[in-house]
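Listed below, chain by chain, are the residues.
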Amino acid sequence: LQKKYAAEQKLKTETTDGCRVKLCVNAGLLSGIGASIVDGADGIGLYRTEIPFMLQQRFPSESEQIKGYQQVLSAAGGKPVVMRTLDVGGDKPLPYFPIKEENPFLGWRGIRLSLDHPEIFLVQIRAMLQAAEGSDQLQILLPMVSTLDEIDQALSYVRQAFDELKIEAGCKITWPKLGVMLEVPALLYQLDEVAKRVDFVSVGSNDLTQYLLAVDRNNPRVSSLFDSYHPGVLRALERACSDCQRLSLPISVCGELASEPIGAMMLVALGYDNLSMNQGALARINYLMRRLSLADLQDLLSAVLQQKNGEQVRSVAINFLKQKS
Ligand code: PEP
Ligand code: MG
């Protein structure tokens, strides 16, 4: 089966009725970054910068970060790279920056921490901008945003880093595209305002599911309740996509849902045309999409949205796939 998928890996992803879907790859470990990372992909749709931070014994310096980001950008060979700023806190601890909290997932994580420590944030932004010097590949993504003020503050730090670098001799840096993760539910209802501030949004379906359903994404005791196919979650994803289409704000999905065949089918049916996933899922999702029509997927979606829970959603989708194969 893997061979069958691989044979089509380099062909573009398009449904049988001509709907083009961009497939990008999620990355994090620098050791896994080589030229093959974007094979058959349209770019790196999520680079989790916290992973190299987590593997060190101290905060990496600006020059160490520049080297790492250059490695990522060059592995992408000219294709776009969405680099997410530090998303520590929650389930992602830094050994040299302990955080003790009762509710870490509701606590000091992602952009919150970066804005409280501008010295860390500015170094990271400066490193990203310098690593991308002379190219237009870089897009910067802000994690865990829950307010418009956070976006405004983060943008002003990006502006500050950019202006500083512009005056430092010899720096030919370009202004990057900027985006926010859509993973805190409240932001779903402020997309009109978000669209005035950023160039794109990327749905973190893992955290969005966790926060919509109030289910810890890592707690085995409630893992059966963590379900991105819950019809309520699907409705939220539907709203996000239709609002972004209305606002001409590019939207993609970089959570686990995009890596799953049924998840990818639902997302394309909802109107998403840019999915970022684990490298291992890429060839399979491409193969699947090239055999389905958007019209059929939209019919499936109408049936799915009538279901009362995630289990029924999956079973309707599995029956659909059986009929197609
Ligand atoms: C997500 O929340 O879906 C996401 C992509 O980010 P992470 O899994 O790194 O929190
Ligand atoms: Mg997340």
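Residues numbered from 1 in each chain as written. Chains lettered and ligands numbered in written order. Predicted model: local features only at pLDDT ≥ 70, side-chain atom pairs only at ≥ 80, totals over all residues.

> Whenever I open this one, helix α10 (residues 261-270) confuses me. Can you help?
Side chains of residues three or four places apart in an α-helix project in the same direction, reflecting 3.6 residues per turn. Judged by how many residues are buried, α10 sits mostly within the fold: nine of 10 residues are covered. Within α10, burial applies to Ile262, Gly263, Ala264, Met265, Met266, Leu267, Val268, Ala269 and Leu270. Considering only its buried residues, α10 is in contact with α9 (231-247), β7 (251-253), β8 (274-277), α11 (282-289), α12 (294-304) and α13 (310-324). Two residues or fewer past α10, Gly271 is found with a positive phi of approximately 115°. (Buried ≥ 20, exposed ≤ 12 C-beta atoms within 10 Å, placed from the backbone. Helix = DSSP H or I, 4+ residues; strand = E, 2+ residues; numbered from the N terminus. Contact = placed C-beta atoms within 7 Å.)

> Whenever I open this one, the packing of α12 against α13 confuses me. Can you help?
Axis angle and axis distance: for two packed helices, these are the angle between their axes and the distance between the axes, and together they describe the pair. Packing of α12 against α13 leaves a shortest axis separation of 9 Å and a crossing angle of 150°. Relative to α13, α12 is oriented roughly antiparallel. As α12 runs across α13, the sense of the crossing is right-handed. Contacts from Leu300, Ala303 and Val304 of α12 reach α13 at Val313, Val316, Ala317 and Phe320. A per-class count over the contact of α12 with α13 returns seven nonpolar, no polar and no charged. (Axes fitted to C-alpha atoms, helices over the stretch in contact; angles between N-to-C directions. Parallel < 35°, antiparallel > 145°, perpendicular 65-115°, else oblique. Left-handed = near helix turned anticlockwise from the far one by under 90°. Nonpolar A, V, L, I, M, F, W, Y, C, P; charged D, E, K, R; others polar.)

> What should I look at first to understand the nonpolar core in this one?
Nonpolar side chains in soluble globular proteins tend to be buried together. Counting 86 residues, the largest nonpolar core has Ile44, Val72, Met128, Met265 and Leu267 as its most contacted members. In terms of residue count, α10 provides more of this core than any other element does, eight residues in total. (Core = buried A, V, L, I, M, F, W, Y, C linked by C-beta atoms within 7 Å.)

> Mind showing me how you'd approach the site of ligand 1 here?
The full set of residues close to ligand 1 is Leu46, Arg48, Asp87, Glu183, Gly204, Ser205, Asn206, Asp207, Cys254 and Gly255. Elements with a minimum of two residues in the shell around ligand 1: β2 (44-48) and α8 (205-213). Tallying contributions element by element places α8 first for the shell around ligand 1, with three residues. (Near = placed C-beta within 6 Å.)

> Looking at this model, I keep getting lost on the environment of Ala127. Mind explaining?
Among the structural elements, Ala127 can be located in helix α5 (residues 118-131). Each C-alpha atom of the pair Ala127 and Gly77 lies 19 Å from the other, and the pair is 50 residues apart in sequence.

> Explain the confidence of the model for the protein chain here, please?
If pLDDT is low for a region, its predicted coordinates should not be looked at in detail. In the predicted model, the protein chain carries a mean pLDDT of 96, and 100% of its residues have values of at least 70. Scored as a complex, the prediction yields pTM 0.97 and ipTM 0.99. (pLDDT = per-residue confidence, 0-100.)

> Looking at this structure, how should I read the pairing of β8?
Each regular strand shows side chains that alternate between the opposite faces of the sheet. By the alternation rule, side chains of β8 split into Asn274 and Ser276 and Leu275 and Met277, which are all buried. Summarising the sheet, strand β1 (residues 22-27) and β8 pair through four bridges and their orientation is parallel. In the sheet register, Val25 faces β8, and the bridge partner there is Met277. (Pairing = 2+ DSSP bridges.)

> Explanation requested: the environment of Asp296 in the structure shown.
Its place among the elements puts Asp296 in helix α12. Separated by 27 residues in sequence, Asp296 and Ala269 place their C-alpha atoms 8.6 Å apart.

> Would you take a moment to explain the pairing of strand β6 (residues 200-203) for this structure?
Relative to β6, strand β5 (residues 177-182) runs parallel, the two being bridged by four bridges. In the strand pairing of β6, Val180 is matched with Val201. As paired elements, β6 and β7 share three bridges and run parallel to each other. Among the inter-strand pairings, Ser202 is bridged to a residue of β7, identified as Ser252.

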